[in-house]
Amino acid sequence: MKFRFKVVPSLCIGCRTCELACAFTHAQDKKPGRSRIYPIAYAQDKYVPVVCLQCDDAACAKSCMFDALKRNEETGAIELDKERCVKCMACVAACPFGCSLVDDVHDEVVKCDLCGGNPACVQFCPTKALVYEKI
Amino acid sequence: MVHITINGKVVKAREGEMLLSVIKRQGIDIPALCHHEAIEPTGNCRLCTVEITKEDWNGWKKHVTSCLYPVEEGLIVSTHSSEVMEIRKTLLDLQLARCPNSEYIQKLAEEYGITETSYKTRPDADNCIMCYACTRICEVLGKSAISAVNRGHDKVIGPPFGEEPPDCIGCLACAQICPTDVIEWSDDGEVRTIWNKKFDLIACKKCGKTIITREFADYLIEQRNLPPEYFDTCDDCKRTEVAQKMGGLVEAAKEVTL
């Protein structure tokens with residue numbers, strides 16, 4: 001893996017710009033997609049952006065019986081091949097961090113794909129709580 | 001890497017790749033009912049038929065199902081020639097006679113200018129087009145709980161002896177992959193019913209939300225060596241849990257630095 005996606009919760013101000021950036025980046029047919037990143041408040045005005053961390057030994061990829069989830073060696077992201085997905089929800093149930101999601105609007109399973117190597121959330125994060133860096 | 005010509009445009013393709021994948025990648029829309037990337041192609045519906053020729057074939061051409069035809073160097077493909085359109089029209093006319101009530105088939109046939117079938121419709125018709133996508137996906141999953149039963153006119157897709165399928169784990173892969181949505185299923189509270197078999201859905205320990213069946217989770221745990229506790233809570237509750245855990249770490253780190 002050449003890159004690393006890093007979340008620094010102490011810098012997050014809960015502005016939810018990342019959520020918007022994600023939803024609009026993944027829009028289809030002029031409808032925004034479901035955001036793959038969730039800033040969740042753990043205390044008043046204190047947020048953690050919960051997002052897929054592209055685990056090394058990923059439960060989502062292991063649980064997929066149809067090989068629809070595969071790692072993109074360039075970006076390090078585990079990408080969902082929509083053509084292979086049969087929406088059995090195995091990955092949604094298996095991810096221990098709850099980061100494999102169901103997009104009800106477009107009726108599909110979605111997960112963070114690091115926008116193919118240029119994550120929109122990172123670009124829009126005003127406080128640099130989200131970092132995508134070379135290692 | 002091989003070079004083929006699709007509708008007059010030269011495109012690159014990987015060796016051994018099927019023609020349909022290349023055509024789809026070019027954004028050309030051709031119907032393919034029984035095709036899905038997760039299953040082996042079988043060419044049952046034949047709607048992805050295209051016309052192929054080569055420069056040294058002296059004007060000879062062939063009609064092949066593109067889902068089953070591996071690409072070859074110098075292939076010249078035509079996806080919407082008049083003959084291909086005529087073949088698809090006939091196929092859809094026949095499909096419409098088999099499944100007159102299927103909205104999906106009706107819509108597709110209409111796109112090809114058929115509003116009513118010219119053949120005799122099947123009495124007591126269901127919407128199954130016998131594409132075997134459901135049985136093939138069940139096979140990929142490693143269960144093969146359903147298959148074709150009986151022969152000829154009586155042939156249907158179903159569980160063995162019409163009883164509750166013993167190998168079914170209620171994953172819904174068959175129902176999801178079915179192009180004409182013929183497989184009936186329902187989720188009622190914590191009970192899922194498919195193929196007349198009832199399954200217990202795992203209810204999230206915190207909020208009660210249901211995602212998959214207990215049998216499917218057990219199968220995944222056994223096959224893919226996943227820890228059973230991964231399936232105890234739903235995705236929403238897991239995210240909240242992560243936020244709280246990480247938040248706790250942030251607070252602890254702050255105390256250390258102070």
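Residues numbered from 1 in each chain as written. Chains lettered and ligands numbered in written order. Predicted model: local features only at pLDDT ≥ 70, side-chain atom pairs only at ≥ 80, totals over all residues.

Some remarks on the environment of I40(A)
Note the threshold: Working definition: helices are DSSP H or I runs of at least four residues, strands are E runs of at least two. Numbering for both runs from the N terminus. Residues are called buried when their C-beta atom has 20 or more other C-beta atoms within 10 Å, exposed when it has 12 or fewer, and partly exposed otherwise; all C-beta atoms are positioned from the backbone. We call two residues in contact when their backbone-placed C-beta atoms lie within 7 Å.
For I40(A), the position within the fold is in strand β2 (residues 38-43). Given 20 C-beta atoms within a 10 Å radius, I40(A) is considered buried. For the pair I40(A) and V50(A), spaced ten residues apart in sequence, the C-alpha to C-alpha distance is 6.8 Å. Apart from residues lying up to four places away in sequence, I40(A) is in contact with Y47(A), V48(A), V50(A), R239(B), T240(B) and A243(B).

With respect to the nonpolar core
Applicable threshold: Buried Ala, Val, Leu, Ile, Met, Phe, Trp, Tyr and Cys residues whose C-beta atoms connect them within 7 Å together make up a nonpolar core. For the domain bounds, the source is a domain assignment made automatically or taken from a database.
By size, the foremost hydrophobic cluster in this structure holds 110 residues, and its most contacted members are C60(A), A90(A), C134(B), I137(B), A173(B) and C174(B). Both of domain 1 (2-80) and domain 2 (133-237) of chain B provide at least three residues apiece to this core. Residues within four places of C134(B) in sequence aside, it is in contact with I146(B), I157(B), C174(B), I177(B), C178(B) and I183(B).

A word on the sheet that holds strand β8 (residues 185-188) of chain B
All names here are of chain B. Inclusion rule: By this definition, two strands are paired if DSSP reports at least two bridges between them. Note on geometry: axes are lines fitted to C-alpha atoms, helical ones only across the stretch in contact, with angles between N-to-C directions running from 0 to 180 degrees.
Pairing is antiparallel across the open sheet formed by four strands, whose spatial order is β8-β9-β10-β11. The sheet is open, and its two edges are formed by β8 and β11 (210-213), each paired on a single side. Neighbouring strand axes in the sheet, compared pairwise and without regard to direction, differ in orientation by 30 degrees on average. Note that β8 and strand β9 (residues 191-194) share four bridges and pair antiparallel. When the bridges of β9 are listed, D188 appears paired with V191. Running at roughly 65 degrees to β11, helix α6 (residues 214-224) makes contact with β10 (197-203) and β11 of the sheet.

Comments concerning the domain arrangement of chain B
Residues and elements named next belong to chain B. Put simply, the rule reads: All residues other than Ala, Val, Leu, Ile, Met, Phe, Trp, Tyr, Cys, Pro, Asp, Glu, Lys and Arg, Gly among them, are scored as polar; the first ten of these are nonpolar and the last four charged.
Considered domain by domain, chain B is made up of domain 1 (2-80) and domain 2 (133-237). Relative placement of domain 1 and domain 2: their C-alpha centres are 33 Å apart. On the side of domain 2, six residues touch domain 1, which itself brings six residues to the contact. Residue composition of the side of domain 1 that touches domain 2, by class: four nonpolar, one polar and one charged.

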